[in-house]
Structure formats: C-alpha cells, structure tokens
Amino acid sequence: QLALVESGGESVQAGDSLRLSCVASGRAHASVNMGWFRQPPGKEREFVAAITWSGGKTYYEDPVKDRFTISKEYGKNMVYLQMNSLKPEDTAVYYCGASTSDPWYVEDVRSYAYWGQGTQVSVSS
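Draft legend 1. Highlighting the nonpolar core. Judged by nonpolar contacts, the single largest core of 27 residues is most densely connected at L4, M34, W36, L81, M83 and Y94. Mapped by element, the contributors of at least two residues to this core are β1 (2-7), β3 (18-26), β4 (33-39), β5 (46-51), β7 (68-73), β8 (78-83), β9 (92-99) and β11 (119-124). Setting aside anything within four residues of it in sequence, one finds M83 in contact with D16, S17, L18, L20, R67, F68, Y94 and V121. The next biggest cluster of nonpolar side chains, apart from the first, holds six residues, and it includes F37, F47, W104 and Y112.

Draft legend 2. Seen up close, the sheet that holds β8. Pairing is antiparallel in the open sheet, where four strands are placed in the order β1-β3-β8-β7. Two strands lie at the open edges of the sheet, namely β1 and β7, each paired on one side alone. On average, adjacent strands in this sheet sit at an angle of 15° to one another, irrespective of strand direction. Relative to β8, β3 runs antiparallel, the two being bridged by six bridges. Pairing of L18 across the sheet is with M83, part of β8.

Draft legend 3. Expanded view of the state of the cysteines. Enumeration according to the criterion identifies one disulfide in this entry. Paired through a disulfide, C22 and C96 show a sulfur-sulfur distance of 2.1 Å. With the S-S bond torsion at -75°, the cross-link from C22 to C96 turns out left-handed. Residue C22 is located in strand β3, and its partner C96 is located in strand β9; the two are separated by 74 residues in the primary sequence. For the residue pair C22 and C96, the accessibility class agrees, reading buried in each case.

Draft legend 4. Fine view of the packing of aromatic side chains. For the structure shown, the criterion picks out six aromatic pairs. Plain terms: the ring middles of F37 and W115 are 5.1 Å apart, the flat faces sit at 75° to each other, and that makes the pair edge-to-face. Note that F37 is positioned in strand β4 and W115 in strand β10 (residues 114-115), a separation of 78 residues in sequence. Residue F37 is classed as buried on the basis of its relative accessible area, which comes to 0%. Under the relative-accessibility criterion, W115 is labelled partly exposed at 27%. On the numbers, 5.6 Å between centres and 90° between planes, the contact of Y59 with W104 is edge-to-face.

Draft legend 5. Quick peek at unusual backbone geometry. Following D102, the chain continues to P103 via a peptide bond in cis, the omega torsion being 5°. Phi angles above zero are rare outside glycine, and S85 is one such case at about 50°. S85 gets classed as partly exposed once you look at its relative accessible area, which sits at 42%.

Calculation notes
- Residues numbered from 1 in each chain as written.
- Predicted model: local features only at pLDDT ≥ 70, side-chain atom pairs only at ≥ 80, totals over all residues.
- Heavy atoms only, no water.
- Core = buried A, V, L, I, M, F, W, Y, C linked by side-chain atoms within 4.5 Å.
- Buried < 20%, exposed > 50% of the residue type's maximum accessible area, 1.4 Å probe, protein only.
- Helix = DSSP H or I, 4+ residues; strand = E, 2+ residues; numbered from the N terminus.
- Contact = heavy atoms within 4.5 Å.
- Pairing = 2+ DSSP bridges.
- Axes fitted to C-alpha atoms, helices over the stretch in contact; angles between N-to-C directions.
- Disulfide = S-S within 2.5 Å.
- Phe/Tyr/Trp six-rings, centres within 6.5 Å; stacked < 30°, edge-to-face > 60°.

Next comes the structure, spelled out in structure tokens:
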C-alpha cells in the first residue's frame, strides 16, 4: 500500500501563488508515477500535471502549463505543485495520485490506484 497526504491548500486572491505538497509513504517508490488532479465544485476530477518516477518527464494540462510546475524531491518522497498566477477558475480540491500502471495513461484517473484526501484551493477575484 502507498499512502499519500496533500497539504498547502489555502484561500488566496487572483494572481497569488501557492505550493501544494504531497508526501508518499508505504511501499517502495520506484516506478511510481505521480500526478496532480483537481475537482472543481460540481465537476468531475480532472488532470492537472504529472511527473515520471525518475522525474525526467513532466506533463501538464493546457490551462496550467505556463503557470504550474510539478516537481519531485526524492530524499523526502515528496511531490510538489507550484502554482503561480492563480485564477478563480483554479478553485478546486486538489488531489495527489500515484500510478503503478503499465501502460500509464497520464491524464486518466483510472490509471492512479492511490489517492490522497485532497486539499482545498480557493481563488477569489
């Protein structure tokens, strides 16, 4: 089993920045690809960003790719989502997910077997 815990969500103003953190514990973390998803109020969970287990490749949804950055810190088993220039439409519960699927469908929630509890990000105009 792999346990994920997110943190860092807050209520902020448009244009502000936030950094979300996700700490992973449990099984060995090799070959575990990580992703960030979000669920806006009343909507389905949607892909935001992902990073390969090696950290060598990253993926982003178009609306965020010039504003958000996903990164990993191996020594602490951490994954981060740096979010800049936040907009009201970024308001959502943000979830960290872990995938051991092969093949790995980066943007598909079904490829992620492990999820955190979520952290709320609220952006006001």
